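# Architecture at a glance
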Amino acid sequence: MTIRVLLADDQALLRGTFRLLIDSCDDMEVVGEAADGRQAVELARAHKPDVVLMDIRMPGSDGLTATAEICAAPDLAGTRVLILTMFETEEYVAQALRVGASGFLGKYVTTDALLDGIRTVAAGEALLSPGATQALITRFLTTPAAGPPLAPVERLADLTPREQEVTVLAAHGKSNDQIAGELVLSVLTVRTHVQRAMTKLGARDRAQLVVIAYQNGLVRPEPPGP
């Protein structure tokens, strides 16, 4: 299957570069280009892409506003948003995850990391393993400013002990392969546990599953380092 990607960035040169890069892959294609957030939402509704590669700072409606609208739209339930921006600040990362983004990358990432990130998000997983992003999750998503929990704490009781264990490891930024190695399970079994936990907690994707785990106290943030 071909991963259909929508580009949303106000810099035409960057969009052109990303298009050449993505279209050079056998398993991806660019289906549209947006220069601002409003256009990104309109093109997302028109093309139903698998992944929207979204910049944050754009004229008019910005990337966070567009991300929130795309992630809340029932007709775009199959579309994931990957934030790619020069402004990799703590607040931007936290806000992006809160409104439903499935990943967050800085524009300094390598070509391979970007392409792998698109594939990861398209597969329904989240880019939460890098240490910087994990630190932001533990610091921001458990504060009062994070807003109301995405799922009632009572729903945690619906998880089996193994599903809770897998959710905790996912919230610590571990990939399915790493969780499988730690728990001596197959990757397919881990993926099944993650999917069941997401269904029971009403999580849109792995990113929201992690947010729920922190918001409801299943995982506690570690104290900030020196």
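As the structure is a computational prediction, the values presented were derived from the model and not from experiment.

Our next topic: the side chain of D55. Counting through the fold element by element, D55 comes out in the loop between β3 (51-54) and α3 (63-72). Look at D55 and you get buried, because its relative accessible area is 4%. The contact partners of D55, leaving out residues within four places of it in the chain, are A8, D9, D10, G63, L84, T85 and K107.

It is worth spelling out the sheet that holds strand β1 (residues 3-8) at this point. Read across the open sheet, the five strands follow the order β2-β1-β3-β4-β5; overall the sheet is parallel. The open sheet terminates on both sides in strands that have one partner only, identified here as β2 (28-34) and β5 (103-106). Shown here is a sheet whose adjacent strand axes are inclined to one another by a mean of 25 degrees, direction ignored. Examined bridge by bridge, β1 and β2 share six bridges and lie parallel to one another. In the sheet register, V5 faces β2, and the bridge partner there is V30. Those strands touched by helix α2 (residues 37-47) are β1, β2 and β3, and its axis lies near 135 degrees from that of β2.

With respect to the element layout, A68 can be found in helix α3. Residues A68 and A101 lie 33 residues apart in sequence; the distance between their C-alpha atoms is 7.9 Å.

Let us now look at the packing of helix α9 (residues 187-201) against helix α10 (residues 206-215). Two numbers describe how α9 lies on α10: the axes approach to 10 Å, and their chain directions differ by 65 degrees. By the angle class used here, α9 and α10 are roughly perpendicular. Between α9 and α10 lies a crossing of left-handed hand. Packed against α9, whose contacting residues are V194, A197, M198 and L201, the element α10 presents R206, L209 and I212 at the interface. Grouping the amino acids of the contact of α9 with α10 by side-chain chemistry returns six nonpolar, no polar and one charged.

With that out of the way, let us pick up empty space enclosed by the protein. Here the structure, examined in full by the defined rule, presents one cavity of 30 Å³ or more. Taken together, A8, D9, F18, L53, M54, D55 and L84 form the lining of the largest cavity. Among the residues forming the lining of the largest cavity, the class breakdown is five nonpolar, no polar and two charged.

Attention now moves to the pattern of salt bridges. A full pass over the atoms with the stated rule returns nine salt bridges. R38 is paired through a salt bridge with E69; the nearest N and O atoms lie 3.1 Å apart. Here R38, found in helix α2, pairs with E69, found in helix α3; they are 31 residues apart in sequence, far enough to count as distant. R38 gets classed as partly exposed once you look at its relative accessible area, which sits at 37%. In this structure, the salt-bridge partner of R45 is D75, at a minimum N-O distance of 3.0 Å. Of this pair, R45 sits in helix α2 while D75 sits in the loop between α3 and β4 (80-85), and the two are 30 residues apart along the sequence.

Reading the values: rules and limits
- Residues numbered from 1 in each chain as written.
- Predicted model: local features only at pLDDT ≥ 70, side-chain atom pairs only at ≥ 80, totals over all residues.
- Heavy atoms only, no water.
- Helix = DSSP H or I, 4+ residues; strand = E, 2+ residues; numbered from the N terminus.
- Buried < 20%, exposed > 50% of the residue type's maximum accessible area, 1.4 Å probe, protein only.
- Contact = heavy atoms within 4.5 Å.
- Pairing = 2+ DSSP bridges.
- Axes fitted to C-alpha atoms, helices over the stretch in contact; angles between N-to-C directions.
- Parallel < 35°, antiparallel > 145°, perpendicular 65-115°, else oblique.
- Left-handed = near helix turned anticlockwise from the far one by under 90°.
- Nonpolar A, V, L, I, M, F, W, Y, C, P; charged D, E, K, R; others polar.
- 1 Å grid on protein atoms, 1.4 Å probe; cavity = no way out; pocket = protein on both sides within 12 Å on 5 of 7 lines; lining within 4 Å.
- Points joined across faces, edges and corners; volume = space filled by probe spheres on them.
- Salt bridge = Lys/Arg side-chain N within 4 Å of Asp/Glu carboxyl O.

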